[in-house]
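Examination of the molecular architecture
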Amino acid sequence: MFSALLDAARNSPFKTPFTKAQCDAGTVAGPVRGRSIAAAASDEVEFGSTKFFVLCGLGGIISCGSTHTFVVPLDLVKCRLQVDQAKYKNVFHGFKLTLAEDGSRGLVKGWAPTFFGYSAQGAFKFGLYEVFKVQYANMLGEENAYLYRTWLYLAASASAEFFADMALSPFEAAKVKIQTMPGYANTMREAMPKMMGEEGIMAFYKGLVPLWCRQIPYTMMKFACFEKTVELLYAYVVPKPRDQCSKGEQLIVTFAAGYIAGVFCAIVSHPADVVVSKLNQAKGSSAFDVAKQLGFMGMWNGLMPRIIMIGTLTALQWFIYDGVKVALSIPRPPPPEMPESLKKKLGVQ
C-alpha cells in the first residue's frame, strides 16, 4: 500500500517537479514562473513517503488536540447556549452563570474527551487528507489535478473526515453529556461506563451521522478555502514571492488564511453542530426529531461564539500544523502552478 502511495506522490502535481540537484545548479525555475525553489535540506522528509504521512498525522494530533482543549470553556458555554437558551441567554451570561454554579473548575468540564477525541480526529483528518490528495491527484493526472484542484481539495478532505469522525464520535458523545447534563458525570471515566450501561455501544455512535453532517462540510470548507486563500494571498496580497518570505512570514500567511477559512467553516457547519449537541443530550431521540423540535431559527443558536471559537481554532490549527512541518522538516510545497504541458495547450506564456 505505502509503496503505491510513494509512487503516486512522486508524480503528484502538488510537489515541486524539480530535483535538488537541478535547483542547486540553477538550471530551472521553480514551479511558479519567475520564482526559484530553495534546495531541500538533506535531512528533509521525502514527500509522499510513509514517514511523511505519519508525521503529517502527528502534526494533526498536536494541532487539533491542543487547540480544541484550549477553547473548552468557550465550547462548554456554546453547547449550553445551544441546548438551553432560556437559561443561558448569551455568551457572557453563560460564563457568569457557569462560574456561579460550578466555579472555575466548571469551565473546563469535558477537557479529557475533548483532548483525546480531537487528537484522534486530527491524526486522521490531516494525515489522510495528505494521502487522499496525493492519490486523487495521481488518478486525475497532472493537468486535470491542476484544473480541478478545488474539487480535489474538497474530495480529499471529505474522504479524510469520514474516517476521522468515527474516531471522534465516542469522545464527542461523552463530552456533550458532561457539559450539558448537570449531575450526569464530571469526568470521562465516569461518563463512558454510565453511557455504555444505559444505552450500549450505540450511545457513542448515535450522533455519528449528524457529526458527519457537521464535520464533513466543515472540513471541506476548512481545507479548500484555506488552500485557495493561501494561493490568492501569495498571488495578490503578499508583496514578494513565497520562497523569498521567511518561515515566520509564511506562518503569518498561514494564520490569516486559516482564520478566513474558519469563519466560513463555522457558518456552514453550525446547524448540524446544534443538532449534535441536542441529540447527545436527549436520550432516545433521532436527528430528525431534534431538528424538527428546534426549527430553522433554533438551529442557529450560539452562532456568534462558534464563529469566534472556530475562526480562532482553525487559524491556530493551521499555524501549529505548518509550524510542526517546519520543525520536523516535512515538505511544504508551494501553491500549485499550471503544468508546462497545459501552458503549451492553452498558449499561456
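By the naming in an unreviewed UniProt entry, the protein goes by Phosphate carrier protein, mitochondrial and is assigned to Anopheles farauti. One UniProt comment on the protein, placed under Subcellular location (unreviewed entry), says "Mitochondrion inner membrane".

The subject of this paragraph is the overall build of the protein. When helices and strands are tallied, the protein shows 14 helices and zero strands. Beginning at the N terminus, the succession of helices and strands in the protein can be written as α-α-α-α-α-α-α-α-α-α-α-α-α-α. Across the 349 residues that make up the protein, the buried fraction comes to 51%. For the protein, the proportion of contacts with a sequence separation of at least 24, taken over those separated by at least 6, is 77%. Counting only carbon and sulfur atoms, one obtains 66% of the accessible surface of the protein, whose full area is about 15,900 Å².

Another aspect to go through is the packing of helix α6 (residues 111–140) against helix α8 (residues 149–180). If you want to describe how two helices pack, look at the angle between their axes and the distance between the axes. Running from amino to carboxyl end, α6 crosses α8 at an angle of 170°, the nearest separation of the two axes being 6 Å. Compared by their axis directions, α6 and α8 come out roughly antiparallel. Here α6 runs over α8; the crossing is right-handed. Its residues assigned to classes, the contact of α6 with α8 comprises 23 nonpolar, five polar and six charged.

A full pass over the atoms with the stated rule returns 17 salt bridges. For the salt bridge of Lys325 with Glu130, the shortest nitrogen-to-oxygen distance reads 3.2 Å. Highlighted residues: Lys325 in helix α13 (residues 303–327) and Glu130 in helix α6, separated in sequence by 195 residues. Judged by relative accessible area, which is 8%, Lys325 ranks as buried. Accessibility expressed as a relative area gives 6% for Glu130, which makes it buried. Between Glu249 and Lys240 there is a salt bridge, with the nearest N and O atoms lying 3.2 Å from each other.

Moving on: the confidence of the model for the protein. Of all residues in the protein, 86% attain a pLDDT of 70 or more, and the chain-wide mean is 83. A low-confidence stretch, residues 16–41 (pLDDT under 50), is modelled with 34 contacts involving residues beyond four sequence positions or located in other chains.

Moving on, we come to unusual backbone geometry. One non-glycine residue, Ser329, adopts positive backbone phi at about 55°. Tracing the sequence through the fold places Ser329 in the loop between α13 and α14 (340–346).

To continue, consider a nonpolar patch on the surface. There is a patch of nonpolar side chains on the surface, built from Leu58, Ile61, Ile62 and Leu328 and spanning about 280 Å² of accessible area. Here Leu328 is to be found in the loop between α13 and α14. On the basis of relative accessible area, Leu328 is assigned to the partly exposed category, the value being 33%.

A few words on the side chain of Thr314. Secondary-structure assignment places Thr314 in helix α13. The exposure class assigned to Thr314 is buried, which follows from its relative accessible area of 0%. With residues up to four places along the chain from it excluded, the contact list for Thr314 reads Tyr218, Lys222, Gly258 and Gly262.

The subject of this paragraph is helix α4 (residues 72–83). Helix length check: α4 (twelve residues) gives 17 Å between terminal C-alpha atoms against 16 Å at 1.5 Å per residue, within 8%. Along α4, eleven of the twelve residues are buried, which leaves the element largely enclosed by surrounding structure.

The next point concerns helix α5 (residues 91–102). For α5, spanning twelve residues, the distance from its first C-alpha to its last is 16 Å, which sits close to the expected 16 Å at 1.5 Å a residue. Taken together, the buried positions of α5 are occupied by Val91, Gly94 and Thr98. Down the axis of α5, the buried set is contained in an arc of 55°. They therefore lie on one face. For α5, exposure combined with an orientation more than 90 degrees from the buried face picks out Phe92, Lys96 and Ala100. For α5, the secondary structure elements touched by its buried residues are α4 and α13.

Our focus in this paragraph is the packing of helix α3 (residues 50–70) against α13. Running from N to C, α3 and α13 point in directions that differ by 145°, and their axes come no closer than 9 Å. At the point where α3 passes α13, the crossing takes the right-handed sense. Of the residues in α13, those in contact with Cys56, Gly59, Gly60, Ile62, Ser63, Cys64, Ser66, Thr67 and His68 of α3 are Leu313, Leu316, Gln317, Ile320, Tyr321, Val324 and Lys325. Looking at the contact of α3 with α13 residue by residue, the class counts come to eight nonpolar, seven polar and one charged.

What counts, and where the lines are drawn
- Residue numbers restart at each chain and count upward from 1, following the sequence in its written direction.
- For a predicted model such as this one, the threshold for reporting local features is a pLDDT of at least 70, and the threshold for listing and counting side-chain atom pairs is 80 or more; totals across whole chains, interfaces and linings nevertheless cover every residue.
- By convention in this description, side-chain values take in all heavy atoms of the structure and omit both hydrogens and water.
- UniProt positions are given in the numbering used here, feature names are shortened, and annotations may be inferred rather than shown by experiment.
- Comment: elements are numbered from the N terminus, with helices defined as DSSP H or I runs of at least four residues and strands as E runs of at least two.
- Three exposure classes are used, based on accessible area relative to the maximum for each residue type with a 1.4 Å probe and protein chains only: buried under 20%, partly exposed in between, and exposed over 50%.
- We call two residues contacting when some pair of their heavy atoms lies within 4.5 Å.
- Accessible surface area values rest on a Shrake-Rupley calculation with a 1.4 Å probe, where residue burial reflects the displayed protein chains alone.
- Note on geometry: axes are C-alpha line fits, over the in-contact stretch for helices, and angles between N-to-C directions span 0 to 180 degrees.
- Should an angle lie under 35 degrees it is considered roughly parallel, over 145 roughly antiparallel, and from 65 to 115 roughly perpendicular; all remaining angles are considered oblique.
- By the definition used in this description, the sense in which the near helix is turned from the far one sets the handedness, with an anticlockwise turn below a right angle giving left-handed and a clockwise turn giving right-handed.
- Charged residues are taken to be Asp, Glu, Lys and Arg, nonpolar residues to be Ala, Val, Leu, Ile, Met, Phe, Trp, Tyr, Cys and Pro, and polar residues to be all remaining types, Gly included.
- Any Lys or Arg side-chain nitrogen located within 4 Å of an Asp or Glu carboxyl oxygen qualifies as a salt bridge.
- Each residue carries a pLDDT score, the predictor's confidence in it, ranging from 0 to 100.
- For patch detection, residues must exceed 30% relative accessible area and be free of salt bridges, and they are connected within 9 Å for like charges or within 5 Å for nonpolar side chains (Val, Leu, Ile, Met, Phe, Trp, Tyr).
- Given a helix with a known number of residues, its expected span is that number minus one, times 1.5 Å.
- To obtain the arc, one takes the directions from the helix axis to the C-beta atoms.

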